[in-house]
Amino acid sequence: MSQLSQRPEKPVVGLPLPHESAALHVTGTALYTDDLVQRTKDVLHAHPVQVMKAHGRITALRTEPALAVPGVVRVLTGADVPGVNDAGMKHDEPLFPDEVMFHGHAVAWVLGETLEAARLGAAAVEVELDELPSLVTLREAIEAGSFHGARPVMVTGDVDAGFADSAHVFSGEFQFSDQEHFYLETHAALAYVDEAEQVFVQSSTQHPSETQEIVAHVLGLHSHEVTVQCLRMGGGFGGKEMQPHGFAAVAALGAKLTGRPVRVRLNRTQDLTMSGKRHGFHATWRVGFDAEGRIQALDATLTADGGWSLDLSEPVVARALCHIDNTYWIPNARVVGRVARTHKVSNTAFRGFGGPQGMLVIEDIMGRCAPLLGLDPTELRERNFYRAGQSTPYGQPVTRPERITAVWEQVKSDARFDERRREIAAFNAAHPHTKRGLALTGLKFGISFNLTAFNQGGALVLIYKDGSVLINHGGTEMGQGLHTKMLQVAATALGVPLHKVRLAPTRTDKVPNTSATAASAGADLNGAAVKNACEQLKERLLQVAATQLGVNASDVRIVDGVARALGREDELPWDALVRTAYLQRVQLSAAGFYRTEGLHWDAGTFHGSPFKYFAHGAAAAEVEVDGFTGAYRLRRVDIVHDVGDSLSPLIDIGQVEGGFVQGAGWLTLEDLRWDTGEGPNRGRLLTQAASTYKLPSFSEMPEEFHVTLLRNATEEGAVYGSKAVGEPPLMLAFSVREALRQAAAAFGPDGVSVELASPATPEAVYWAIESARGAAAGAAAVAGASADVPAGV
């Protein structure tokens, strides 16, 4: 076993500990970015000047009326930017635009003594617009040929030959919805300038280093003149990877120009109308199967709704292509990806980052084609699982394909899958107006950033004279438990009790050039960096302990805060060891670093091994559907998920549960609606609040919910044998959608293939039921017509 994955005696990792801030969360004492406003003097409040048109060129912007409003201090416009007027990494997102690109686009910001003064000032700003045609829907953009960014093509094998060898060929198209992040804490930033003209920004951001970079180039500064700190976030889910940068830049610009702290905090409606979502996708596909139901060829085009600017759309599409195979071997494939440009908010990262969209396409294909092939969907999926020696369509070997089967078979056993299917068949036969469905789906999700350079992490660990330890790392905490895991990693690596270790907020002046806390790689990258720093310190301390104990350093172990020599009773307490090291002038701080090895990726040929490993999981979901309304309830869910050797089991189980529920929300409930008419509100987001955008709540939770972590699952070459857990569980929710498809099909004849919209809302399920009933009526009509034909004709 590698040094990175091996665990020492009595490790703190692996213990089921609560979230490090759990008590602060439930008592309301945890501080978030906007809480710091009350602790800061003379804060100005920023409010956006939004233009409520989908597309148009600004012909006049009059700010003088705003300055006449009591309490308004300044109006920020493009003319105030000393550096680059752009908030995006692709340089296609003007911070102060002269062309409105979506309904609610902010063209200026008003600073006021109070938020109300700023709001009234923003309302007083006069904007004249030359309205232009707009593309609001994904289909409109496709028909207009409105695309931007790269168009990757993934090819493997001989697609034409694959189709020629196929016994069955099917084709179809599928459009599925975007999704709102709906984190509890909206976008927020607080900036001030110190006496040395250093800019300090508190930001609710998943990517402090990139926020720092954007703020610096907007202000015309170097990065060392800007410090960004993230205390914690009240949720992120990818929505705070790229999108916080512009809001932080507005706050920093205001602070630089006025000399006073400036706060930006969006209300819920502003956050919903100004920030990006998960990319909705449109897919066209053609698939070939052999006589046994094994995939022979796939030809597909995936089009993502990128919104008005590129943001992260290109890597989202790349990851979608890399996950269209899911757990299935596709020997011949041609998959094209593209980004549509629409006049909507710029869509961005969201938990899974394109992976769920790619995997949903193949799972929809399997669910639709199984009845056409005369196969049970579970059997069809099993026949197509990856086997040893097979590679993905982009050329990466699937190194542990047995994990796909391991989680699958364990779920079947734990859920009594075969027995319950028989029970459901009996129930459906006895209930004409209520049907149940039980579906099993699996997942294979690649872990690492597709862009190889992002796969690096840093840490700074400090040991003080009294033996206490302070760790800094580049990852951010958004409720997912990363900080909890890092505390456990540090305590394990140093061999000290957990109470000896404290964690500092994430800051760019402690650990530079960090990657976003994203791609489920937070624990992998930062955990390995923390471990590296701790091991440097431990090596120095072992030398000190060896001298004190009169043995070789290789014979000393530090366990539970005590240094002992092997085979001897002598011991040296941690605090005394640290004090001795200080007196001997031994350095008690270390910078740790980690880079993920073995990765290579050629974006041009769309080929390589972009992922360190694959995470696996499987879920069985049972639903009950009302045939009159399409309403349904989720009766039971059984999950087995592969997290390697868990760093923190309680945290990981929570992540599996939360990811599954968020995925079920995307697939069954969350229905973003836009005004697509030609009236004055064209392009307006209609679902602007929780009252109109339905989120999963307690009533949508499974009545029975069983989550098990795969045992004996050490991942070689990852920190303490663990695996990532943030994103993969979201795709376990495919089982709910497939169970709904099966329940709807149960209203029709055997072998009916049901198309199901996504999200599969009760309305969508009702229309799927009607389609199945229509198939039954059609079959009955054909049978009746045959009965009326005279014999011998």
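Residues numbered from 1 in each chain as written. Predicted model: local features only at pLDDT ≥ 70, side-chain atom pairs only at ≥ 80, totals over all residues. Heavy atoms only, no water.

Draft legend 1. Spotlight on the pairing of strand E21 (residues 556-559). Pairing of E21 with strand E22 (residues 562-565), which is carried by four bridges, proceeds in the antiparallel orientation. Bridging across to E22, isoleucine 558 finds its partner in alanine 563. Two successive antiparallel strands, E21 and E22, enclose a turn made up of two residues, where aspartate 560 displays a positive phi of approximately 55°. (Pairing = 2+ DSSP bridges. Helix = DSSP H or I, 4+ residues; strand = E, 2+ residues; numbered from the N terminus.)

Draft legend 2. Up close: the sheet that holds strand E20 (residues 506-507). Strand order in the open sheet formed by eight strands is E3-E5-E1-E12-E9-E10-E11-E20, with mixed pairing between adjacent strands. Since the sheet does not close on itself, it has two edges, and those belong to strand E3 (72-76) and E20, each with one partner. Note that strand E9 (residues 188-193) and strand E10 (residues 199-203) share five bridges and pair antiparallel. The residue of E10 that forms the bridge with alanine 191 is valine 201. Those strands touched by helix H7 (residues 244-258) are strand E1 (44-51), E3, strand E5 (105-112), E9, E10 and strand E12 (262-265), and its axis lies near 30° from that of E9. (Contact = heavy atoms within 4.5 Å. Axes fitted to C-alpha atoms, helices over the stretch in contact; angles between N-to-C directions.)

Draft legend 3. Broad picture of the pattern of salt bridges. What the rule picks out here adds up to 55 salt bridges. Salt-bridge contacts for glutamate 131 lead to lysine 53; the nearest nitrogen and oxygen are separated by 3.7 Å. A residue pair is termed long-range when its members are at least 10 positions apart, and glutamate 131 in strand E6 (residues 126-131) and lysine 53 in the loop between E1 and strand E2 (56-62) qualify at 78 residues. When its relative accessible area of 22% is taken as the criterion, lysine 53 is described as partly exposed. In this structure, arginine 633 and glutamate 703 form a salt bridge, with 2.6 Å as the shortest nitrogen-oxygen distance. With arginine 633 in strand E28 (residues 632-641) and glutamate 703 in the loop between helix H17 (649-668) and strand E29 (704-709), this residue pair connects regions lying 70 residues apart in the sequence. It is possible to trace a salt-bridge network through shared partners that takes in Glu363, Asp364, Arg368, Arg381, Arg737, Glu738, Arg741 and Glu755. (Salt bridge = Lys/Arg side-chain N within 4 Å of Asp/Glu carboxyl O. Buried < 20%, exposed > 50% of the residue type's maximum accessible area, 1.4 Å probe, protein only.)

Draft legend 4. Here's a closer look at the packing of helix H10 (residues 355-372) against helix H18 (residues 734-745). At a closest axis distance of 11 Å, the pairing of H10 and H18 adopts a crossing angle of 25°. On the basis of the axis angle, H10 is roughly parallel to H18. Crossing of H10 over H18 shows right-handed handedness. Here H10 contributes Pro356, Met359, Leu360, Glu363, Asp364, Gly367 and Arg368 to the contact with H18, which in turn contributes Phe734, Arg737, Glu738 and Arg741. Residues that form the contact of H10 with H18 fall into these classes: four nonpolar, one polar and six charged. (Parallel < 35°, antiparallel > 145°, perpendicular 65-115°, else oblique. Left-handed = near helix turned anticlockwise from the far one by under 90°. Nonpolar A, V, L, I, M, F, W, Y, C, P; charged D, E, K, R; others polar.)

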